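Descriptive analysis of the structure
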Amino acid sequence: MPTLTLRPGALSLADLQALHVGGVPIAIDPAAGVAIAASAAVVQRAAAGDAPVYGVNTGFGKLASTRISSDDLAALQWNLIRSHSVGVGEPLAPAVARLMLGLKAASLARGHSGVRPVVIDTLVAASNAGLVPVVPSQGSVGASGDLAPLAHMTLALMGEGEFLVESSGGVMQRRPAADVLRAAGIAPLVLAAKEGLALINGTQTSTALALHAFFTFEPVLEAALVVGALTVDAARGSDGPFDPRIHALRGQPGQIDVAEYYRQLLAGSGIRKSHLEGDDRVQDPYCLRCQPQVVGACLDQLRHAALVLLREANAVTDNPLVFSDDGAMISGGNFHAEPVALACDAMATAIAEVGAIAERRIAMLIDAGVSRLPPFLTPNAGLNSGFMIAHVTAASLASENKSLAHPASVDSLPTSANQEDHVSMATFAARRLQPMIANVARILGIEWLAAAQGIDFLRPLVSSPPLEAAHALLRRDCPAMMTDRHLAPDIERAAALVADGALSRVFRSLADLPALWTPA
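First things first, this report covers the structure right here in the doc. (Residues numbered from 1 in each chain as written. Predicted model: local features only at pLDDT ≥ 70, side-chain atom pairs only at ≥ 80, totals over all residues. Heavy atoms only, no water.)

Inspection of the secondary structure assignment puts serine 113 in the loop between α4 (94–108) and α5 (117–128). In this structure the side chain of serine 113 is engaged in a polar contact, spanning 2.7 Å, whose partner is the side chain of aspartate 318. Once residues within four sequence positions are removed from consideration, serine 113 is found in contact with Ser39, Ser107, Leu108, Lys194, Ala198, Val316, Asp318 and Val322. (Helix = DSSP H or I, 4+ residues; strand = E, 2+ residues; numbered from the N terminus. Polar contact = N/O pair within 3.5 Å; in protein donor to acceptor, adjacent residues only side chain to side chain. Contact = heavy atoms within 4.5 Å.)

Okay, helix α9 (residues 204–234) next. Over its 31 residues, α9 runs 45 Å from end to end, which matches the ideal 45 Å to within 8%, given 1.5 Å per residue. Roughly 30° is the biggest bend found in α9, and it falls at phenylalanine 217, with proline proline 219 one to four residues downstream. Among the residues trailing α9, arginine 236 stands out with phi positive, at a value near 50°. (Expected span 1.5 Å × (residues − 1). Bend = angle between axes of the 7 residues up to and from the residue.)

A sheet is described by the order of its strands in space; here three strands give the open sequence β4-β6-β7, paired in antiparallel fashion. What marks the edges here is a single partner per strand, and that holds for β4 (132–133) and β7 (172–176). Pairing of β4 with strand β6 (residues 162–166), which is carried by two bridges, proceeds in the antiparallel orientation. Following the sheet pairing, proline 133 is matched in β6 by phenylalanine 163. (Pairing = 2+ DSSP bridges.)

With respect to the secondary-structure elements, glutamine 291 resides in helix α14 (residues 291–313). On the accessibility criterion, glutamine 291 (0% relative accessible area) is buried. Measuring from C-alpha to C-alpha, the distance between glutamine 291 and phenylalanine 242 comes to 8.8 Å, with 49 residues separating the pair along the chain. Each residue touching glutamine 291, except ones within four places of it in the same chain, is listed here: Gly228, Val232, Val258, Tyr262, Tyr286, Gly296, Ile357 and Arg361. For glutamine 291, the side chain forms a polar contact with the main-chain oxygen of leucine 288, separated by 3.2 Å. (Buried < 20%, exposed > 50% of the residue type's maximum accessible area, 1.4 Å probe, protein only.)

Okay, the pairing of β7 next. One ladder, built from five bridges, connects β6 with β7; its direction is antiparallel. In the strand pairing of β7, valine 165 is matched with glutamine 173. The turn joining β6 and β7, which pair antiparallel and follow one another in sequence, is formed by five residues; a positive phi near 85° is taken by glycine 170.

Turning our eyes to something else, we now look at the nonpolar core. One recurring pattern in soluble globular proteins: nonpolar side chains tend to sit buried together. Core analysis: the biggest nonpolar cluster contains 169 residues, and Leu16, Trp448 and Leu503 have the highest contact counts within it. Per-element tally for this core: the top contributor is α9, with 19 residues. Filtering out sequence-adjacent residues up to four positions away, tryptophan 448 remains in contact with Val227, Leu230, Ala470, Leu473, Leu474, Ala494, Leu497, Val498 and Leu503. (Core = buried A, V, L, I, M, F, W, Y, C linked by side-chain atoms within 4.5 Å.)

So, on to the packing of aromatic side chains. Under the criterion given, the structure shown has three aromatic pairs. On the basis of an interplanar angle of 75° and a centroid distance of 5.8 Å, the ring pair of phenylalanine 214 and phenylalanine 215 is categorised as edge-to-face. Taking relative accessible area as the criterion, phenylalanine 214 reaches 2% and is therefore assigned buried. Each ring, one from tyrosine 261 and one from phenylalanine 507, has its centre 5.0 Å from the other, and the planes form 85°; the classification is edge-to-face. With tyrosine 261 in helix α11 (residues 253–266) and phenylalanine 507 in helix α22 (residues 504–508), the pair connects residues that are 246 residues apart, well separated along the chain. Since its relative accessible area comes to 4%, phenylalanine 507 is described here as buried. (Phe/Tyr/Trp six-rings, centres within 6.5 Å; stacked < 30°, edge-to-face > 60°.)

Close contact between helix α19 (residues 433–457) and helix α20 (residues 465–477) brings their axes to 10 Å; oriented N to C, the two are set at 110°. Between α19 and α20, the angle is such that the two are roughly perpendicular. As for how α19 packs across α20, the hand of that crossing is left-handed. Contacts from Trp448, Leu449, Ala452, Gln453, Ile455 and Asp456 of α19 reach α20 at Glu468, Ala470, His471, Leu473, Leu474 and Arg475. When its residues are assigned to classes, the contact of α19 with α20 shows seven nonpolar, two polar and three charged. (Axes fitted to C-alpha atoms, helices over the stretch in contact; angles between N-to-C directions. Parallel < 35°, antiparallel > 145°, perpendicular 65-115°, else oblique. Left-handed = near helix turned anticlockwise from the far one by under 90°. Nonpolar A, V, L, I, M, F, W, Y, C, P; charged D, E, K, R; others polar.)

It is worth spelling out the state of the cysteines at this point. In the structure shown here, the tally under the stated rule is zero disulfides. Residue cysteine 290 stays outside any disulfide, its sulfur separated by 9.0 Å from that of cysteine 287, the closest cysteine. For the unlinked cysteine cysteine 298, the closest cysteine sulfur is that of cysteine 290, found at 13 Å. (Disulfide = S-S within 2.5 Å.)

As structure tokens, this is what we get:
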């Protein structure tokens, strides 16, 4: 397998997605070696000198004024990692841990952190060995760096923490880090001056969590476009609202692109042709005709978040920073994850809105007065309840997402005896996105089932080729529901096809579409 060469400061979204998926060996661009060595030399001179330098020969946080003797500099770094490994909760997903390793290696390799090459080499070796540090998911406020989670990552590299190892049965199990490192042929990391601080200062956990959400939501968003188009046809809606002239007059790029997606998804629909004439309806409900405006606005927010996260993935975010050209070591605040927190809050709103408008489309489909389909999408309503309570489930999930979408970035609590008096909460802002995405996948699963049922009522008319492919994909696992049955298993099957990318492949089969994400 080809090696993915990480160019510090120039990682692409494709590089980050490869790190997220895993299974690809990585290497740091050899050109970074000069800057790495130069910054390490600055720190080594500071450690040998008499002047106080934060994080090299002083305490940390509120204890920064405490001077540490030269004999204790190595112990200072070890104690830092041990004392900061205080996270709680379930371990972060392996994909997030993989991103943390790669992001931290690339950041340190920019040559402004003062670590020796062996630190970066150990991160790369762990990644290439497929090692997954056990990193508890809770305990960071996203300022002064993601201290606790990055400390747990570092503790494992030192041979004192734990790694997740896949058993012969495919179950991830916790194993002592020393044993795992030994089996992988990786020497435990021995920290020198400033290296512990460089490893745990930074936004790599919150950024990794945010990227994890971004990549996880991509197939769900693509599925939302397909299902939304299928609902348009099931309700015999108009494609007039997707006319490019409407969207050009507003000029919002996401809206313009989403309208194009819908035009292509609906092109060639026999259902649409069947009611071009003789349809007394003048306008469709907003949940149909305003999809470009709503989902397009969400797409714009997600695209902006992608740019912010790409910049953050390439950033140097520890403290103090080393400038080898003049030997300066300057304390700043790049560890404050406010950019990530705000991006995640925007993502949360966008994710919630994609689910909210999907829930409204389900409500429209089951309302015979609006959709002109059988009540609750069942041919014998009364004896059968059809999709009545499936919609209630969708409504509950959409409502739950409204609460989860509350901005995390506005909730700051001072820490470290008020030294760290404003924090970002970026780590939680990113972590809460996963349950939101799961909720949207299930809402879309319910809508897909409902829309397919609506299409079934319109037979022998046929939809467009891509929408018929979406219908057939669902019917492979979930038959039509002409009498009431236990529907929960079908909802889970449909949601799984949404989340795992099976339905998004229908979207990706379309030719010459505008790119979903612009920062490719």
